[in-house]
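Descriptive analysis of the structure
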Amino acid sequence: MNTTSPLLEQQALVIFSGGQDSATCLAWALSRFKRVLTLGFDYGQRHSVELDCRKRVREGIAALNPQWAQRMGPDALLNLDIFRQLADTALTSDAPIEEHCANGLPNTFVPGRNLIFILHAAAWAYAKEIRHMVLGVCQSDYSGYPDCRDDSIKAMQVAINSGMDTNFTLHTPLMWRSKKDAWRLARSLGGDALVNLIVEESHTCYMGQRGQRYPWGYGCGDCPACRLRAAGYAAYAEAQAACAQNPLEEQA
C-alpha cells in the first residue's frame, strides 16, 4: 500500500481534513509527488471548525519549503451532508460521546465514512487522471474504527479499481505508526517548524473546541481524539527530550 520510492512525475490527491494526520500526510505527499491536490469533505461533522483550519494548514505547509509550494495544487471541498440521514452518531450530532457501546465501537464511529470518502475521492480524481490517493488512516493507533484498518483500505482499492477499470493506488503512510511516530514522521519531513505548525493550526478535537491551548494543540482535552493526540505528543516530546540529553542514543 505504501511506497518509499520517489514518484516525482506523478500527481497525488490527499484526502485532507485539516487534522494532524492529514496534515502529516500532505507533507509526506509533497515530498514525493510532482503535484499534490487536496480534497476535503463537509459531512455535517460537529467539529466543523476543522474546515476552517484547512486553509491555514495548507498555506503554512507550503510556506515551509519552496519546493512544496511549487508542488501544491488546488484544494476542493465536497458537501456530503448525508450521514445524519444514514446513522445517528455522536460525530454528526450533539449526543454525548460514548467510547464503548453495545456493538463494541465508540458512538463517534460514522458507519462507512472513510469508505464513502474514498469512493467520492476516486470519482473526483478519475476525471483529473490522478491515480495516487493519500489517506491519514491508521490501524496501529486507531480509535476503534474498522474502516481505518489496512484490510478495509486494501479492499476499497480493489473495489474502485474494478468498478472504474483503472489503477488507483491508496497510500497510507500512517497505517502502522503510533501517534508518537506520526509526530516523529512530521519532524523528519519538515523539522520542528512542521511539528509546530501542526500543533498550532491543525484540529483534532471532536467537540470542535479551540479555546484551550495545550502543548499538543487546541481542544477540549477530554474527548477520545484529544486524549489520543495528547498521549502521542507527550511520548514524542519525552523521546525528543531524551535524545537531546544524549544525542548518540536513538529515540525509542
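Note that the structure is predicted; figures quoted are calculated from it, not measured. (Residues numbered from 1 in each chain as written. Predicted model: local features only at pLDDT ≥ 70, side-chain atom pairs only at ≥ 80, totals over all residues. Heavy atoms only, no water.)

**Some remarks on the overall build of the protein**
- Within the protein, the regular secondary structure consists of 8 helices and 7 strands.
- The proportion of buried residues among the 252 residues of the protein is 52%.
- Counting contacts in the protein only where the partners sit at least 6 residues apart, residues at least 24 apart contribute 69% of the total.
- Accessible surface for the protein amounts to roughly 11,600 Å². Of this, 49% is attributable to carbon and sulfur atoms. (Helix = DSSP H or I, 4+ residues; strand = E, 2+ residues; numbered from the N terminus. Buried < 20%, exposed > 50% of the residue type's maximum accessible area, 1.4 Å probe, protein only. Contact = heavy atoms within 4.5 Å. Areas by Shrake-Rupley, 256 points an atom, 1.4 Å probe, with all protein chains shown as cover.)

**Observations regarding helix α8 (residues 224-245)**
- With 22 residues, α8 should reach 32 Å at 1.5 Å per residue; the first-to-last C-alpha distance of 32 Å fits that figure.
- Inspection of α8 places P224, A225, C226, R229, G232, Y233, Y236, A239 and Q240 among the buried residues, and these make up the whole buried set.
- The inward-facing, buried residues of α8 abut α1 (20-30), α7 (179-201) and β7 (217-218). (Expected span 1.5 Å × (residues − 1).)

**Digging into unusual backbone geometry**
- Of note in the backbone geometry, E129 takes a positive phi value of approximately 60° without being a glycine.
- With respect to the secondary-structure elements, E129 resides in the loop between α5 (113-126) and β4 (132-134).
- Judged by relative accessible area, which is 65%, E129 ranks as exposed.
- Look at D165: it is not a glycine, yet its phi comes out positive at around 50°.

**Focus on the packing of helix α2 (residues 49-64) against α7**
- Two elements in contact, α2 and α7, have axes whose closest approach is 10 Å; the angle formed by their N-to-C orientations is 170°. For the element pair α2 / α7, the angle class is roughly antiparallel. In this structure, α2 uses C53, R56, V57, G60, I61 and L64 to contact α7, whose residues at the interface are A193, L194, L197 and E201.
- Of the residues belonging to the contact of α2 with α7, the class tally is 7 nonpolar, 1 polar and 2 charged. (Axes fitted to C-alpha atoms, helices over the stretch in contact; angles between N-to-C directions. Parallel < 35°, antiparallel > 145°, perpendicular 65-115°, else oblique. Nonpolar A, V, L, I, M, F, W, Y, C, P; charged D, E, K, R; others polar.)

**Let's talk about the packing of aromatic side chains**
- In total, this model carries 6 aromatic pairs according to the counting rule given.
- A network of ring pairs unites the aromatic residues W183, Y233 and Y236 as a single cluster.
- Of note, R131 hangs over the ring of F168, and the distance from its end group to the ring centre comes to 5.2 Å.
- Above the plane of the ring of Y218 lies R213, whose end atom (NZ or CZ) is 5.9 Å from the centre. (Phe/Tyr/Trp six-rings, centres within 6.5 Å; stacked < 30°, edge-to-face > 60°. Lys NZ or Arg CZ within 6 Å of the ring centre and 35° of its normal.)

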